Amino acid sequence: GFPVFAWKGESEDDFWWCIDRCVNVEGWQPNMILDDGGDLTHWIYKKYPNMFKKIKGIVEESVTGVHRLYQLSKAGKLCVPAMNVNDSVTKQKFDNLYCCRESILDGLKRTTDMMFGGKQVVVCGYGEVGKGCCAALKAMGSIVYVTEIDPICALQACMDGFRLVKLNEVIRQVDIVITCTGNKNVVTREHLDRMKNSCIVCNMGHSNTEIDVASLRTPELTWERVRSQVDHVIWPDGKRIVLLAEGRLLNLSCSTVPTFVLSITATTQALALIELYNAPEGRYKQDVYLLPKKMDEYVASLHLPTFDAHLTELTDEQAKYLGLNKNGPFKPNYYR
């Protein structure tokens with residue numbers, strides 16, 4: 001009974017048409033925005049700014065979308081409160097770390113039938129997504145390199161046993177390039193030109209911005225569709241690279257997201273929507289907020305019965321010693 005505007009293999013124009021169809025309905029007015037990537041929010045700001053008079057808040061669940069909201073807030077252009085659920089610990093660990101740890105192998109296997117043992121792989125970005133991808137590939141016997149801009153994430157990669165490199169240093173020798181940064185133009189045409197024959201290129205990060213696919217649509221390069229979501233891009237000298245899902249998200253295009261992960265993210269989003277919608281006047285200003293830690297813990301506790309897991313309860317004495325309420329929250333908001 002819900003109108004859905006989405007299908008596999010949408011073009012850029014289709015994508016924006018779909019977003020417009022969700023919003024531009026005669027005699028209908030949204031009062032909350034639930035977004036993933038910030039594109040819906042951006043579209044309403046651009047085309048239907050008057051709608052914000054009746055919108056109580058925005059809930060956003062992606063790294064890039066949250067980044068956009070903080071930019072709006074900093075510029076004083078955010079006209080409603082927003083909830084950053086991407087940085088809720090349960091959402092981040094499951095959607096970004098655990099889910100990608102499983103779906104990276106699945107997506108690559110389904111599209112290329114490759115073996116991972118001994119393959120040289122470079123993973124761009126060692127955030128939660130990069131950490132998940134690297135862990136899975138290392139376990140399968142791949143030789144994994146990591147690129148990173150953040151010294152803390154870089155140090156974590158080193159401590160986890162990965163070689164930290166610049167993309168230029170390894171681009172000629174690697175068998176697979178995986179982007180997980182949330183940034184744009186991470187893999188450029190210059191990188192693509194220098195890759196070896198049959199190198200596999202794919203994206204686990206944000207939408208389709210990380211690999212500069214547009215630069216490959218030139219007359220001297222030949223595109224050959226090998227199977228669904230797999231293209232060979234062939235250079236004049238016969239070299240070819242294997243591009244998956246035209247640079248869109250590999251796990252969404254070529255793999256599946258487990259229902260357990262969706263349950264966790266959907267629960268987090270639902271609680272954030274309820275919290276913003278029911279909040280008394282003045283609790284949330286026109287700014288970006290994290291979901292209260294208590295709710296984050298609640299999402300986790302709802303999913304523990306799946307594993308027949310039993311939580312230990314603090315005694316009154318222990319709770320007093322730690323300065324905590326027996327029922328949580330158990331960690332401060334800044335805890336990571």
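Quantities reported herein were computed from a predicted structural model and do not represent experimental measurements. (Residues numbered from 1 in each chain as written. Predicted model: local features only at pLDDT ≥ 70, side-chain atom pairs only at ≥ 80, totals over all residues. Heavy atoms only, no water.)

Student: For this particular structure, what's the right way to read the sheet that holds strand E5 (residues 143-147)?
Tutor: Within a sheet, each strand pairs with its neighbour through backbone hydrogen bonds, oriented either parallel or antiparallel. Strand order in the open sheet formed by eight strands is E6-E5-E4-E7-E8-E11-E10-E9, and the pairing between neighbours is mixed. If you trace the sheet from one side to the other, it starts and ends with strand E6 (163-164) and strand E9 (222-227), each paired once. Across five bridges, strand E10 (residues 230-234) lies against strand E11 (residues 240-244) in antiparallel orientation. Residue pairing for E11: His232 is matched across the bridge by Val242. The strands touched by helix H4 (residues 89-112) within the sheet are strand E7 (176-179), strand E8 (199-203), E9, E10 and E11, with E11 carrying the most contacts at an inclination of about 125°. (Pairing = 2+ DSSP bridges. Helix = DSSP H or I, 4+ residues; strand = E, 2+ residues; numbered from the N terminus. Contact = heavy atoms within 4.5 Å. Axes fitted to C-alpha atoms, helices over the stretch in contact; angles between N-to-C directions.)

Student: It is not clear to me how the domain arrangement of the protein should be interpreted in this structure. Could you clarify?
Tutor: How big an interface is tends to be reported as the loss of accessible area on association of its parts. Taken domain by domain, the protein comprises domain 1 (21-84 + 258-320) and domain 2 (89-252). Taking only C-alpha atoms into account, the centre of domain 1 sits 30 Å from that of domain 2. Facing 14 residues of domain 1, the contacting portion of domain 2 comprises nine residues. Taken together, both faces of the contact between domain 1 and domain 2 bury some 1,000 Å²; the carbon and sulfur share is 65%. The interface formed by domain 1 and domain 2 holds zero salt bridges in total. Within the residue set of the side of domain 1 that touches domain 2, elements represented by two or more residues are helix H3 (63-74), helix H10 (259-278) and helix H11 (293-303). A class-by-class count of the residues in the side of domain 1 that touches domain 2 yields seven nonpolar, four polar and three charged. (Domains from an automatic or database assignment. Buried area = accessible area lost by both parts, 1.4 Å probe. Salt bridge = Lys/Arg side-chain N within 4 Å of Asp/Glu carboxyl O. Nonpolar A, V, L, I, M, F, W, Y, C, P; charged D, E, K, R; others polar.)

Student: Please clarify how the sheet that holds strand E2 (residues 57-60) should be interpreted in this entry.
Tutor: On the basis of which strands lie adjacent, the open sheet formed by four strands has the order E1-E2-E3-E12 and parallel pairing. The strands lining the two open edges of the sheet, one partner per strand, are strand E1 (32-35) and strand E12 (288-290). When the angles between neighbouring strand axes are averaged without regard to direction, this sheet yields 25°. Together, E1 and E2 form the strand contacts of helix H2 (residues 39-47), whose direction differs from that of E1 by roughly 135°. Helix-sheet contacts for H3 involve E2, strand E3 (82-84) and E12, and the interaxial angle to E2 is about 145°.

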